[in-house]
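Close look at the chain arrangement
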Amino acid sequence: MRLFVSEGAPGSLPVLAAARRAQGRAELLISTVGPEECVVPFLTQPKVPVLQLDNGNYLFSTSAICRYFFLLSGWEQDDLTNQWLEWEATELQPALSAALYYLVVQGKKGEDVLGPVRRALTHIDHSLSRRSCPFLAGETESLADIVLWGALYPLLQDPAYLPEELGALHSWFQTVSSQEPCQRAAETVLKQQGVLALRPYLQKQPQPSSLQGRAVSNEPEEEELATLSEEEIAMAVTAWEKGLGNLPPLRPLQNPVLPVAGERNVLITSALPYVNNVPHLGNIIGCVLSADVFARYSRLRQWNTLYLCGTDEYGTATETKAMEEGLTPQEICDKYHAIHADIYRWFNISFDIFGRTTTPQQTKITQDIFQRLFSRGFVLQDTVEQLRCEQCARFLADRFVEGVCPFCGYEEARGDQCDKCGKLINATELKKPQCKVCRSCPVVKSSQHLFLDLPKLEKRLEEWLENTLPGSDWTPNARFIIRSWLRDGLKPRCITRDLKWGTPVPLEGFEDKVFYVWFDATIGYLSITANYTDQWERWWKNPEQVSLYQFMAKDNVPFHGLVFPCSALGAEDNYTLVSHLIATEYLNYEDGKFSKSRGVGVFGDMAQDTGIPADIWRFYLLYIRPEGQDSAFSWTDMLLKNNSELLNNLGNFINRAGMFVSKFFGGYVPEMVLTSDDQRLLAHVTLELQHYHQLLEKVRIRDALRSILTISRHGNQYIQVNEPWKRIKGSEADRQRAGTVTGLAVNIAALLSVMLQPYMPTVSATIQAQLQLPPPACGILLTNFLCTLPAGHLIGTVSPLFQKLENDQIESLRQRFGGGQLEESLELKAKVSSKPAVGETVTATGPQQIQVLMDEVTKQGNIVRELKAQKADKNQVAAEVAKLLDLKKQLALAEGKPLETPKGKKKK
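Owing to the predicted nature of the structure, the values given are computational and were not obtained by experimental measurement.

Comments concerning the overall build of the protein chain
- Scanning the protein chain for helices and strands turns up 33 helices and 20 strands.
- The 908 residues of the protein chain split such that 54% are buried.
- Carbon and sulfur atoms provide 50% of the accessible area of the protein chain, an area that totals close to 41200 Å².

Have a look at this one:
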């Protein structure tokens, strides 16, 4: 074999590092060639690195060459490594190429360089942190580590571009970089010139888009108009001209909604939120909001749709919450069910049913499934060692035991997992265990329990998956999670608990136990439907006619994709199983996680108090929906998206289109005489509309939202180029042209109002009211762009749809939801009703509060220094300096120090 590499070619880094795998396995000659040398005879452009195999074939993809070396060493492929390689090629490389180009070719610095890759770096960091492993795919180095290291090394070898807050990424990068093969590869390729060694290579690359890495930044892309055939244009014009007459009759409303033979019957569920937790924004986007978009879209397509959800109400957490609040478990459930319902009502979630699991139907259906499993030999009995609190007189669930981690010594490890080292723990393994309720020391006692015999059901599950997954819309993470469970081999799972609050176990000797919530919670979908209609089996025992879509965050995948299917398959009662399992990644809050106890992040009951309408929340959460990787809510980004995408793009276009009709044509849609350019625009809009349908049919909710914004941008450009406000003052031909442009623009606005309905239902209804869109056009969305506002149609009063979000408004909200330290700060200010006189001191607060403020001062100081170094706008610098001074003042108060008199400038 012969490996061709080139100095200054970034792809040479990982292949040289991986080449050590071939040592002793095959004879390898490494040749250094010039970047212009054509090594592969059948390629039209020079390409390095290249691996020429002994049989004369060539490999010229970096990851393919690295994979070949790893396979030579006996390495076995695994799904997680393959997922990382796919992500590196599709997500990381475009962003990284832009960052390196800006740094090396354009000489940019700081955030201009880091911006395009920040999300990608954060994704790697979060993945490493979550798995608590030193390497990307586990405890040992893999192909993924070498390929990603080689891609990142030119940038991250400069500490300025390796953010300190990404500790897991920092540790991983240093570990891989310190290995001898990687050090030698870096010396060979970069020749101690650092990233500047890549300049000749990068100068030959096309200039990247000004956008910071489309795949990872969520930024809108300037759409290039596709090339259209004459046939496509003619078809678009024909559909347009048919207008309202092309719309089918609206589906008649049913109550209850039941499957109809011969129609597409869509059953949609959101993962049942646990009743005593107030949902935060991540919970809302992961389950109910994503499902709501698809349910609304399904109804626009005239599919027979039932959307259900409800609160999951049984379990230990409910019992404990009831004790804390001095209520019964049922009273706690009643209280928090109402809170959940109010939150989802405010977010305009269009459930057909929002039920609960504490019902007789839940007991009846769960016990029936259990008895069918038991009678067929799929339930085992075994003895379990458990911790029992004698003072509370009950066995303790894992989450209600705390103690010292047996692995790392962390003193606040939970009974199921240590938050510090991440290792899974059995509660009985904890050192110095304590009951979290009363703080007494529990004792170990034996208890008989029932187990679902998953190994016995494994073959049935695999056969079902083989029939279900091909052609389905299971998300990649859901497929990966289920494959991982199957690869490790299924094990019996305990399905009972020593509790009082739950579904009773109908078996002699187990009368004092209830079903474990993960066994019966998914059965809640069935019981909630049964409380909606006594014909519930037409949905849930009808797999031939019903297509089941289930929405959840990825941590719920095993219960929906494995546990419930095994239970249903073992029950042998023709249950409807999930056709399309839609799982999101996690949504973080700013740079951390949501925490109700620490006051970090926006929770559902708080959003309505911000003064920001529900539809704006819906839009932004869907815009940043964590579809392929974790994403983060950012107040700054929310302001930017509202002001740019909604106010300046979508709102501006729809408002202008309507205002032109009102101002220039007395509120009546003018005659439209389409030119070839207008017909071409019809075809482009139709193409984007069809793309929107394709994406939503595949449940790519975030990407489909981009199609709406793209059509709006086309509309704005169309108005800007044709200038109807000028033409209306010109000749007869000009006035006719102004009419055509205005009529076509207002019809695009009408189309957007319908496309927007799944995402922003209130805004959609407002647009339709302003345009007086005929009712049939409001409730159906076809795949073609129709003229729904014909000439002579009278529209209503047009007014702006969106309001600008201001910096001070957003900054106030950021501080308000920034954590418990803010509440302490507010309490401190309340105690000091007036500013202390110069030299006066106040009582110092605790060291934790002081440390938080010190960190904030340091962080804000860095922001000020970076702005000054970039010679930013003086007003912007002044605003950040004012924040810094305020933080310093808070710190002085917290430390009990006297406030210094502000130093003024000396008069000259």
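Thoughts on the environment of P273
- By the secondary structure assignment, P273 is in the loop between β5 (265-270) and α11 (281-300).
- Spatially, the C-alpha atom of P273 lies 8.5 Å from that of H340, the residues being 67 residues apart in sequence.
- Setting aside residues up to four positions removed in sequence, P273 forms contacts with C309, G310, T311, D312, H340 and Y344.

Some remarks on empty space enclosed by the protein
- Tallying each qualifying case throughout the model produces 3 cavities of 30 Å³ or more.
- The calculated volume of the largest cavity comes to roughly 140 Å³.
- Lining the largest cavity we find 14 residues, and of these L751, I780, L781, L786 and T788 sit closest to its centre.
- Here the lining of the largest cavity gets 3 residues from one element, more than from any other, and that element is helix α27 (residues 732-755).
- In the lining of the largest cavity, the residues fall into 12 nonpolar, 2 polar and no charged.

Quick word on the packing of aromatic side chains
- Inspection of every chain in the model, using the stated rule, returns 33 aromatic pairs.
- Considering the side-chain rings of W346 and F347, the 5.0 Å spacing of their centres and the 90° angle between planes classify their relative orientation as edge-to-face.
- In this structure W346 comes out as partly exposed when scored by relative accessible area, which is 23%.
- With centroids separated by 5.7 Å and ring planes inclined at 10°, the aromatic side chains of Y589 and F633 adopt a geometry described as stacked.

Observations regarding the side chain of T475
- As for its position among the elements, T475 is in the loop between α15 (454-468) and α16 (476-488).
- In this structure the side chain of T475 is engaged in a polar contact, spanning 3.1 Å, whose partner is the backbone nitrogen of A583.
- Setting aside residues up to four positions removed in sequence, T475 forms contacts with L581, I582 and A583.

Some points on the sheet that holds strand β3 (residues 50-52)
- Pairing in this open sheet of 4 strands is mixed, and the strands run β2-β1-β3-β4 from one edge to the other. Among the strands making up the open sheet, the edge pair consists of β2 (29-32) and β4 (58-59).
- Here strand β1 (residues 2-5) runs beside β2; their pairing, made up of 4 bridges, is parallel. Residue pairing across strands places F4 opposite S31, the latter belonging to β2.
- Contacts from helix α2 (residues 62-72) reach β1, β3 and β4 within the one sheet, and its direction differs from that of β3 by about 45°.

Some words on the pairing of strand β8 (residues 379-389)
- Inspection of the sheet shows β8 paired to strand β13 (residues 443-452) by 10 bridges, in the antiparallel sense. What sits directly across from L387, in β13, is V444.
- If you look at the hairpin formed by β8 and strand β9 (residues 394-395), you'll find 4 residues sitting between the two strands, and A393 has a positive phi there, around 60°.

A word on the pattern of salt bridges
- One pass over the full model with this rule turns up 38 salt bridges.
- The residue D352 makes a salt bridge to R299 at a minimum N-O spacing of 3.1 Å. Of this pair, D352 sits in the loop between α13 (329-346) and β7 (353-356) while R299 sits in helix α11; the two residues are 53 residues apart in sequence, bridging distant segments of the chain.
- The partly exposed category is assigned to R299, whose relative accessible area is 26%.
- K726 is paired through a salt bridge with E723; the nearest N and O atoms lie 3.4 Å apart.
- Look at E723 and you get partly exposed, because its relative accessible area is 28%.
- Among the charged side chains, a network of salt bridges with common partners joins R372, E537, K541 and D573.

Focus on the packing of helix α4 (residues 111-131) against helix α5 (residues 143-156)
- Viewed as axis vectors pointing N to C, α4 and α5 meet at an angle of 140°, and their least axial separation amounts to 13 Å. If you check the angle between α4 and α5, you find them oblique. Handedness of the crossing formed by α4 with α5: left-handed. Counting all contacts with α4, which are made through V113, V117, L121 and I124, the residues of α5 involved are L148, L152, L155 and L156.

Points about the environment of E590
- You can see E590 is positioned in the loop between β19 (587-589) and α21 (604-607).
- With a relative accessible area of 23%, E590 lands in the partly exposed category.
- Sequence separation of E590 and G818 is 228 residues, and the distance between their C-alpha atoms is 9.1 Å.
- Apart from residues lying up to four places away in sequence, E590 is in contact with A632, F633, S634, W635 and R814.
- In terms of polar contacts, E590 uses its side chain to reach the backbone amide nitrogen of W635, at 2.9 Å.

Details of α15
- When the local axis directions of α15 are compared, the greatest deviation, roughly 30°, occurs at R460.
- Taken residue by residue, α15 has L454, L457, E458, L461, W464, L465 and T468 as its buried positions.
- Residues of α15 that are buried make contact with β13, α16, β14 (493-494) and α20 (557-571).

Some details on the environment of F660
- Structurally, F660 is set in helix α23 (residues 635-665).
- For F660, a relative accessible area of 10% gives the class buried.
- C-alpha of F660 to C-alpha of G739: the two residues are 79 residues apart in sequence and 9.0 Å apart in space.
- Apart from residues lying up to four places away in sequence, F660 is in contact with F665, I719, P724, W725 and T742.

Quick look at α11
- The principal kink in α11, of about 35°, is found at V288.
- Of all 20 residues that make up α11, 18 are buried, and the element is covered over most of its length.
- Q302 sits one or two positions beyond α11 and adopts a positive phi of about 70°.

A few points about the pairing of strand β17 (residues 546-553)
- Burial analysis of β17 places 8 of its 8 residues in the buried class, the great majority of the element.
- By the alternation rule, side chains of β17 split into V546, L548, Q550 and M552 and S547, Y549, F551 and A553, which are all buried.
- In the sheet, β17 pairs with strand β18 (residues 580-584) via 5 bridges, with the strands oriented parallel. Bridge assignment links M552 to a residue of β18, and that residue is A583.
- Taking the sense of rotation as the criterion, the β-α-β connection linking β17, α20 and β18 turns out right-handed.

Observations concerning unusual backbone geometry
- Looking along the chain, the bond that leaves V48 and enters P49 is cis, with omega of 5°.
- Summarising the element assignment, P49 is placed in the loop between β2 and β3.
- Of the consecutive residues N255 and P256, the connecting peptide bond is found in the cis state with omega at 0°.
- One non-glycine residue, K432, lies in positive phi territory at about 50°.
- Examined against the element boundaries, K432 turns out to sit in strand β12 (residues 431-435).
- With relative accessibility at 72%, the residue K432 sits in the exposed group.
- A positive phi angle, near 55°, is found at N574, a position not held by glycine.

Points about the sheet that holds β13
- With respect to topology, 4 strands assemble into an open sheet ordered β9-β8-β13-β14, the strand pairing being antiparallel. Each edge of the open sheet carries a strand with a single partner, namely β9 and β14.

Overview of the nonpolar core
- Membership of the largest hydrophobic core comes to 180 residues, with the highest contact counts inside it found for W617, W635, Y692 and Y759.
- A per-element tally of this core places α11 first, with 12 residues.
- Not counting residues up to four positions away in its chain, the partners in contact with W617 are L281, W346, F347, V602, A607, T610, I612, F633, W635 and M638.
- Counting residues in each nonpolar core, the second largest holds 67 residues, with W84, Y153, W172 and V176 among its members.

Some details on the confidence of the model for the protein chain
- Of all residues in the protein chain, 90% attain a pLDDT of 70 or more, and the chain-wide mean is 86.
- Contacts of residues 820-847 to residues separated by more than four positions or lying in other chains number 38 contacts, the stretch itself having pLDDT below 50.
- Throughout residues 899-908 the model reports pLDDT below 50, and contacts reaching past four residues in sequence, or to other chains, amount to 8 contacts.

Cut-off values and rules
- Residues numbered from 1 in each chain as written.
- Predicted model: local features only at pLDDT ≥ 70, side-chain atom pairs only at ≥ 80, totals over all residues.
- Heavy atoms only, no water.
- Helix = DSSP H or I, 4+ residues; strand = E, 2+ residues; numbered from the N terminus.
- Buried < 20%, exposed > 50% of the residue type's maximum accessible area, 1.4 Å probe, protein only.
- Areas by Shrake-Rupley, 256 points an atom, 1.4 Å probe, with all protein chains shown as cover.
- Contact = heavy atoms within 4.5 Å.
- 1 Å grid on protein atoms, 1.4 Å probe; cavity = no way out; pocket = protein on both sides within 12 Å on 5 of 7 lines; lining within 4 Å.
- Points joined across faces, edges and corners; volume = space filled by probe spheres on them.
- Nonpolar A, V, L, I, M, F, W, Y, C, P; charged D, E, K, R; others polar.
- Phe/Tyr/Trp six-rings, centres within 6.5 Å; stacked < 30°, edge-to-face > 60°.
- Polar contact = N/O pair within 3.5 Å; in protein donor to acceptor, adjacent residues only side chain to side chain.
- Pairing = 2+ DSSP bridges.
- Axes fitted to C-alpha atoms, helices over the stretch in contact; angles between N-to-C directions.
- Salt bridge = Lys/Arg side-chain N within 4 Å of Asp/Glu carboxyl O.
- Parallel < 35°, antiparallel > 145°, perpendicular 65-115°, else oblique.
- Left-handed = near helix turned anticlockwise from the far one by under 90°.
- Bend = angle between axes of the 7 residues up to and from the residue.
- Right-handed = clockwise from strand over helix to strand, strands pointing away.
- Core = buried A, V, L, I, M, F, W, Y, C linked by side-chain atoms within 4.5 Å.
- pLDDT = per-residue confidence, 0-100.

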